[in-house]
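Read off the chains here:
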Amino acid sequence: MKRFIIAHKSLSTLAGLFLCLCLIGAIFFMRNIYGNYQAQQRIEHTLKYNGYTNIVPRSSVRKESTGPFSGISWYEYTFSTEQTLAASYKYQDSLHQKSKHLTMKNCPIVYRVILTPPGTKIKHWTTEIYLDTNQALRDGNQTDYIQRLNENSRRSLNMKTQDSN
C-alpha cells in the first residue's frame with residue numbers, strides 16, 4: 001500500500017482532497033439541518049406560549065435569506081387555524097370565487113411566522129406573525145386585499161426567555 005501511494009502521489013492527493021471536500025459538505029449539511037431543527041423548536045414553543053395550540057402545519061420550517069453573502073437570514077413557517085379558514089372565506093368572496101370546499105388543509109390564507117436569529121443590532125431572537133397567502137408572494141405581486149391583511153394582522157409574538165437567548 002505504501003509503495004502504491006508513493007508511486008501515485010497525484011491520485012492519492014486527489015483522493016485526499018475529495019475526502020476533505022466531502023467532509024466540509026457534510027458539515028455544512030448537518031449545520032443546516034440542526035439550525036432548522038432549532039428554529040422548529042423555538043417556533044413551536046413560541047406558538048404554544050402565545051396560545052396557538054390547534055394548528056395545521058402548512059409548510060416545514062425553512063431558512064430564507066436576502067442573498068448568498070448578505071448575512072441577513074430568517075426562518076419561515078406557515079400554519080392554518082380556524083381564523084385563517086374564516087379569513088380564507090372572506091378572501092374567496094372578495095375574488096368572487098366559490099369557497100364551499102375550503103378546509104384548514106387547503107385554505108389559501110395562512111399564518112406566516114418569521115423567526116429572526118440574533119444579529120448585530122438586535123441581540124436576541126424575535127418572532128413575528130401575520131396572515132398571508134400560502135404562495136409567499138412578495139409585496140409587489142400581492143393584491144391590495146392581501147397587503148392590507150398583512151398589515152392589519154402583523155404582530156410580534158412573546159417568547160420565553162430561554163427561547164429568545
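Before going into details, it helps to say that this report is about the structure given with it. Remember, it's a predicted structure, so these values are computed and weren't measured experimentally. (Residues numbered from 1 in each chain as written. Predicted model: local features only at pLDDT ≥ 70, side-chain atom pairs only at ≥ 80, totals over all residues. Heavy atoms only, no water.)

## Focus on the layout of surface pockets
Stage number 1. Considering only enclosed or pocket space, the largest pocket measures out at about 280 Å³ in volume.
Stage number 2. Of the residues contributing to the lining of the largest pocket, the split by class is 4 nonpolar, 7 polar and 1 charged. (1 Å grid on protein atoms, 1.4 Å probe; cavity = no way out; pocket = protein on both sides within 12 Å on 5 of 7 lines; lining within 4 Å. Points joined across faces, edges and corners; volume = space filled by probe spheres on them. Nonpolar A, V, L, I, M, F, W, Y, C, P; charged D, E, K, R; others polar.)

## Topic: the pairing of strand β4 (residues 109-116)
Each regular strand shows side chains that alternate between the opposite faces of the sheet.
Stage number 1. Burial analysis of β4 places 7 of its 8 residues in the buried class, the great majority of the element.
Stage number 2. Pairing between strand β3 (residues 73-80) and β4: 5 bridges, direction antiparallel. Directly across from Y75, in β4, lies its bridge partner L115.
Stage number 3. Judged from the 8 bridges that link them, β4 and strand β5 (residues 126-133) form a sheet pairing that is antiparallel. When the sheet's bridge partners are listed, L115 is paired in β5 with T127. (Buried < 20%, exposed > 50% of the residue type's maximum accessible area, 1.4 Å probe, protein only. Helix = DSSP H or I, 4+ residues; strand = E, 2+ residues; numbered from the N terminus. Pairing = 2+ DSSP bridges.)

## Structural notes on the nonpolar core
For soluble globular proteins, the rule of thumb is that nonpolar side chains tend to be buried together.
Stage number 1. Residues L47, F79 and I129 are the most contacted members of the largest nonpolar core, which totals 21 residues.
Stage number 2. Sorting the residues of this core by element identifies α2 (9-49), β3, α3 (82-94), β4, β5 and α4 (144-153) as the ones contributing at least two each.
Stage number 3. Here this core gets 4 residues from one element, more than from any other, and that element is β4.
Stage number 4. Beyond its immediate stretch of four places on either side in the chain, F79 contacts L47, Y52, I55, V56, P57, R58, T84, V110, Y111, V113 and I129.
Stage number 5. By size, the runner-up hydrophobic cluster in this structure holds 5 residues, among which are V56, L85, M104 and C107. (Core = buried A, V, L, I, M, F, W, Y, C linked by side-chain atoms within 4.5 Å. Contact = heavy atoms within 4.5 Å.)

## Comments concerning the pattern of salt bridges
Stage number 1. Evaluation of the coordinates by the stated rule reveals 5 salt bridges.
Stage number 2. A salt bridge links R112 to E76; the nearest nitrogen and oxygen atoms lie 3.3 Å apart. On the criterion of sequence distance, the pair formed by R112 in strand β4 and E76 in strand β3 is long-range, its members being 36 residues apart. Considered together, R112 and E76 belong to a single accessibility category, that of buried residues.
Stage number 3. Between E128 and R154 there is a salt bridge, and its shortest N-O distance comes to 2.8 Å. With E128 in strand β5 and R154 in the loop between α4 and β6 (155-157), this pair connects stretches of sequence that are 26 residues apart.
Stage number 4. Relative accessible area serves as the criterion here: at 27%, E128 is assigned to the partly exposed category. (Salt bridge = Lys/Arg side-chain N within 4 Å of Asp/Glu carboxyl O.)

## Comments concerning the pairing of β3
Stage number 1. Judged by how many residues are buried, β3 sits mostly within the fold: 8 of 8 residues are covered.
Stage number 2. Where burial is concerned, the two faces of β3 agree: the one with S73, Y75, Y77 and F79 and the one with W74, E76, T78 and S80 are both buried.
Stage number 3. Pairing of strand β1 (residues 56-57) with β3, which is carried by 2 bridges, proceeds in the antiparallel orientation. Following the sheet pairing, P57 is matched in β3 by F79.

## What to know about a nonpolar patch on the surface
Stage number 1. Judged by side-chain polarity, L14, L17, L21, I24 and F28 come together as a nonpolar surface patch covering roughly 530 Å² of accessible area.
Stage number 2. Within the secondary structure, L21 is located in helix α2.
Stage number 3. Relative accessible area serves as the criterion here: at 55%, L21 is assigned to the exposed category. (Patch = residues over 30% accessible without salt bridge, like charges linked within 9 Å, V, L, I, M, F, W, Y side chains within 5 Å. Areas by Shrake-Rupley, 256 points an atom, 1.4 Å probe, with all protein chains shown as cover.)

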